[in-house]
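# Chains, contacts and geometry: an overview
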Amino acid sequence: FYSKPLGFQDLGAHLEGLLSEGEPTEDSRGKPVEGRLGPQPVVLDHTSGFEGLLFVDDDLLGVIGHSNFSSIRATTCVYKGKWAYEVLISSQGLMQIGWCTLNCRFNQEEGVGDTPDSYAYDGNRVRKWNVTTTNYGKEERLVEQDCSVWRLHGEPTVLVTLAHIFNHFAPLMCKVYLVEDVLMNFLLGILEGGGSVDEHQLIQQLLDLFWVLMEDYEVNECLKQLMMSLLRAYRFSPIIPDLGFQIHYLRLTTAILHHEKSRKYLLNNFTFDVLRSVVFFYIKTPLRVKEAGLEELIPTTWWPTHFDKEGKDEREPEDESADERLRRRAYERGCQRLKKRIEVVEELQVQILKLLLNNKDKTTGEASRYIFLNKFRKFLQENASNRGHPTALCPPEYMVCFLHRLITAVRASWDDGRRKSPSSIGSEEAYVPPQLFYNGKVDYFDLQRLGGLLSHLKKTLKDDLASKANIIIDPAEIQATAMDDLDEDEESGAAQRPFGAAAMGGALARPSWLSSPTLGRANRFLSTAAVSLMTPRRPLTQPEKVKVRTLAVEQRTEEDIEGSYGNDGLLLGRPLEEPNQPIADKSLLEIVDGIVMMYNLSVHQQLGKMVVVSDDVHEYAVALKDTEEKIARCPARRPDILDELQKSQKVFAEKLNHLCRRLAWINATIYSKEKMLDVYWLLCVCIRTIEHADNTGSLFAFAPEFYLSVAMNAYSALKNYFSPANSMEELPSYEETLTQLAAILAKHFADPRIGCGFGYRYTRLPHLLKTKPEDANLPSLQKPCPSLLLQRHMAELLSVDKEMAASFLNSVLNQLNWAFSEFIGMIQEIQQAAERPERNFVDTRQLKVCATCFDLSVSLLRVLEMTVTLVPEIFLDWSRPSAELLLRRLAQLLNQVLNRVTAEKNLFDRVVNLRLPGLESVDHYPILVAVTGILVRILVDGDRQGISRASSVLLSDPCFQLHSIQHLLGEGATTAGSSERKHFSLHACECFLFFLHISLTLGVFKSGPTSEEDLCPICYAHSISAVFKPCSHKSCKACINQHLMNNKDCFFCKATITGVEDYSKPAAS
């Protein structure tokens, strides 16, 4: 206490005194304290003192558990005296905090307090634990904290003294606890005091002071900790009906990002690093309805009560009773109230993205949009390259929310730009120009192109690039790319070559201007260093090359993206077919391209997962209606049955009340009309992009494959995921868009510019009627279309080495016979288990083995398809050894597969319709496509003699059934009025029947034997045509030749066969 007023000259000594109170003296610092062992300060032991999956903050002071009951220790031990420590809990749930001995061991079932040598406190359940448990303490609740007492008073002139104050306070403002408990709450208090979030004057002035009065590294650390604190608070705050906590933290985040210098620092050093800022765009779904207050917000629940024979909702407004209509309308009003509150949060999230997309804030360096764009592309690369490692990915539920906010913000920026440039197109007509796919300005990582690998396309289409797009690929780049391929092939098991090493074989070393700052196949392929512009008026023989700078994604500048005088930026190399019309800012085009990629990475899969809540509502509604009907029919003399039915009725009704409120939240955040329009806009973007790329002729091969995938998946989502809450028929120009999509699929199903057509790139029929997305984590069929080089080598080898070819195909046919037989046997067991009246479960390992056998069968059929396409003479040239035998075996196996898969209501159909988890890859499409490819080659595309032989063998096989071919063609599969959908048909292959009927008409069949004695005693299908030496037993040639491939003993007497001679029946006397 000072007896005289505090003056400026005394301020320093006063602050020193206040800050030094309670601190240890210089002499005592660093000395060990009795009863304590460990470093200063105490942090979490992230090296060995943990159990389970945990995410630990960089400063080792915060931790998030990602597995069941994880545990972690600190780095300090105490053994004498009284000690205490403090923990800030940021989320609700069951947590135990306490002490343990050094020898205490934890697992994911037992944590601190669950073992004899540890004890703990659980504030959620208000109990203390030491193996057993007892009540202890008062109940804890997470509530909104009151504002801190740190406030500024007085006139602005007082701020002159802050320079001296900041000398002491700046180091403290880098401490996470002070930032979270004091600074963040102080800023929140300012916002509560009134004023708009947009350019909040006092917060802007405070941030200006930080940058003026603090060292840059101190401001950087303070802002980082402040944003991390806001992120934790937003992520772990409890859900309340008005989303007050989330709005609170988002408003402060928006106010901070309005400060230009702070925004750019955070964009450069915080945004997208370790998934940080994406969390701000996520609205989590409450697991418990009561906690979120949905019972008060939606007091009345409703679910469909009218179903057709298939169990689908067939409710029509005129069929409703008055009570049902009142309930439905009250439920819809509650849903609207919830939606309006969620829209407040969504609008704040869009405001944040609009700030990050600002391209006019150039007073303090590069505009925010270009920093954001480079970070966004890096974020996509990390998620695309880590798809097999879920822990390294951005969670799909975050991606869904981020995608919708980004679409809204990008469209707003796009339309703002159009108002300034009326000649450009509006966001409703947005598309991605084809130049982005081949000029190397945008990195697509290792994602597949429609025509194959980018290096291959640059080699084969370099002339087309020069003539159509005025882009010339320097031969040195092609050579360097080829050498990179060799390097990467040899890098497995060997150390990576030093950067810049000389090329092999005496070739020139890779020029330094071609070297990319980042490693990896994609960056080297996408090198734009050798891409040059050429004036169309000049002859092609003397182009003027302009070496473009090769930069990593994060090093690009505004000029690299938007271009400048004489430089088209991202739109370098416009083809003549592309209209010379401004589209939009080039940076927005790349962001739209990134949005399409993001949908393909995980958004579509997540949209399908969330449909399960709607399915659960439907199933419980059907069960409740069935129970109510049983109650109505229950006789009065059976009160015991009635009591059980009423208990079930109560359980179903409670579950439906919970699910309907949860479904209202999901519909508002994921399946609302606005979200449906976003996905529809994305579908239209993909369609227009594919159409523009298609107009470029052969350059269409450069288009990324995911554009076709997103077009089909977006349509599937609109049709299956957003109904019945929203109908696709209500979308603007719905029929016109559907016609465009159908035209694209019809045209490109067998497009020679993209290999075999994308139909053969898919393991399931792209009929757009799937209701659930395939799980990316499940093992699935390998895509076909091996490289043309591999196919050429195989064709040469099989043509030259006839014995090896016969042995190879015999092995493939044997494995196919085994794999398909095993698959049929396993699905028989699965079907029998499913038909048993008692509740039973199929072993997941059995399902996995079954799916593996199916995948193996399809893969072997594809090998046969490729072989018969490349070297048909192996089967059709009967002068080759074993050619006739191989063709007969092939026909036998094809007929077996067709009969099993195409029979009406057969075993295969029933198992496919069960949709068991783990059997997602088992479908008609992949196996019948491979069979069809073989049949087309041997029955349609061959010469007359080959077709005659193949038709004869196929039709003479005892397993051949004409209805299997008819099913394949889609003929006679459904009767009039039948609602069942055929799984597969190929109308384009109607020539099958034509050739089969011609074969029958021309008498391809030889007249069959009239006596059973003349039939082969092994197969009873063909005439006896071979006699064995020395035992003189007989069979047909097909049976003995197939037998001799694996065994030399006679079928009948087991004598060793030394030779086989032709046999013809003696003429009757």
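This write-up is about the structure you can find in this document. Residue indices begin from 1 for each chain and proceed along its sequence in written order. Owing to the predicted nature of the model, reporting of local features is limited to residues with pLDDT of at least 70; listing and counting of side-chain atom pairs is limited to 80 or more, with chain, interface and lining totals taken over all residues. Side-chain measures here rest on the full set of heavy atoms in the structure, leaving out hydrogens and waters.

Along its length, the chain carries 34 helices and 15 strands. Three labels apply to residues, based on accessible area from a 1.4 Å probe with only protein chains included: buried if under 20% of the type maximum, exposed if over 50%, partly exposed otherwise in between. Looking at the chain as a whole, 46% of its 1069 residues are labelled buried. Pairs of residues are marked as contacts when any of their non-hydrogen atoms sit within 4.5 Å. Considering only intrachain contacts with a sequence separation of at least 6, the fraction spanning at least 24 residues in the chain is 70%. Areas reported here follow the Shrake-Rupley algorithm with a probe of radius 1.4 Å; residue values treat only the protein chains shown as occluding. About 54,500 Å² of surface is accessible on the chain, with carbon and sulfur atoms providing 53% of the total. Only runs of H or I of at least four residues qualify as helices and only runs of E of at least two qualify as strands under DSSP, and these elements are numbered from the N terminus.

Right, let's get into the sheet that holds strand β13 (residues 1026-1029). Hydrogen bonds between backbone atoms are what pair the strands of a sheet, whose relative direction is either parallel or antiparallel. An order of β14-β13-β15 is seen for the three strands of this open sheet, with the pairing classed as antiparallel. Edge positions in the open sheet fall to β14 (1034-1035) and β15 (1059-1062), since each of these has one partner strand only. Of the strand pairs in this sheet, β13 and β15 are connected by four bridges, and their pairing is antiparallel. Paired with Lys-1029 across the bridge in β15 is Gly-1059. In this analysis, strands are considered paired if DSSP registers two or more bridges between them.

Pairing of aromatic rings covers Phe, Tyr and Trp, the last through its six-membered ring, and needs centres within 6.5 Å; plane angles under 30 degrees mean stacked, over 60 mean edge-to-face, and all others mean tilted. Overall, the coordinates contain 22 aromatic pairs when judged by the stated rule. Look at Phe-823 and Phe-854: their rings are 5.2 Å apart centre to centre, the planes differ by 45°, and that puts the pair in the tilted class. Placement of the pair is Phe-823 in helix α25 (residues 802-835) and Phe-854 in helix α26 (residues 844-870), with a sequence separation of 31 residues. Since its relative accessible area comes to 0%, Phe-823 is described here as buried. A connected cluster of aromatic rings, assembled from ring pairs, spans Phe-281, Phe-372, Phe-376, Phe-379 and Phe-402. Placement of a charge over a ring requires the Lys NZ or Arg CZ to be within 6 Å of the ring centre, with the centre-to-atom vector within 35 degrees of the ring normal. Directly above the aromatic system of Trp-303 lies the positively charged group of Arg-327, at a separation of 4.9 Å from the ring centroid. Sitting above the plane of the Tyr-444 ring, Arg-377 keeps its charged end 5.3 Å from the centroid.

A word on the nonpolar core. It is characteristic of soluble globular proteins that their nonpolar side chains tend to be buried jointly. One finds Phe-372, Phe-376, Phe-402, Leu-406, Ile-591 and Tyr-599 to be the most contacted residues of the largest nonpolar core, which totals 171 residues. Broken down by element, the residue count for this core peaks at 18 residues, all from helix α19 (residues 586-633). When residues no more than four places from it in sequence are discounted, the contact partners of Tyr-599 are Leu-403, His-604, Leu-607, Val-679, Leu-682, Val-710, Asn-713, Ala-714 and Ala-717. Put simply, a nonpolar core is a bunch of buried Ala, Val, Leu, Ile, Met, Phe, Trp, Tyr and Cys residues held in one set by side-chain atoms that sit within 4.5 Å of each other.

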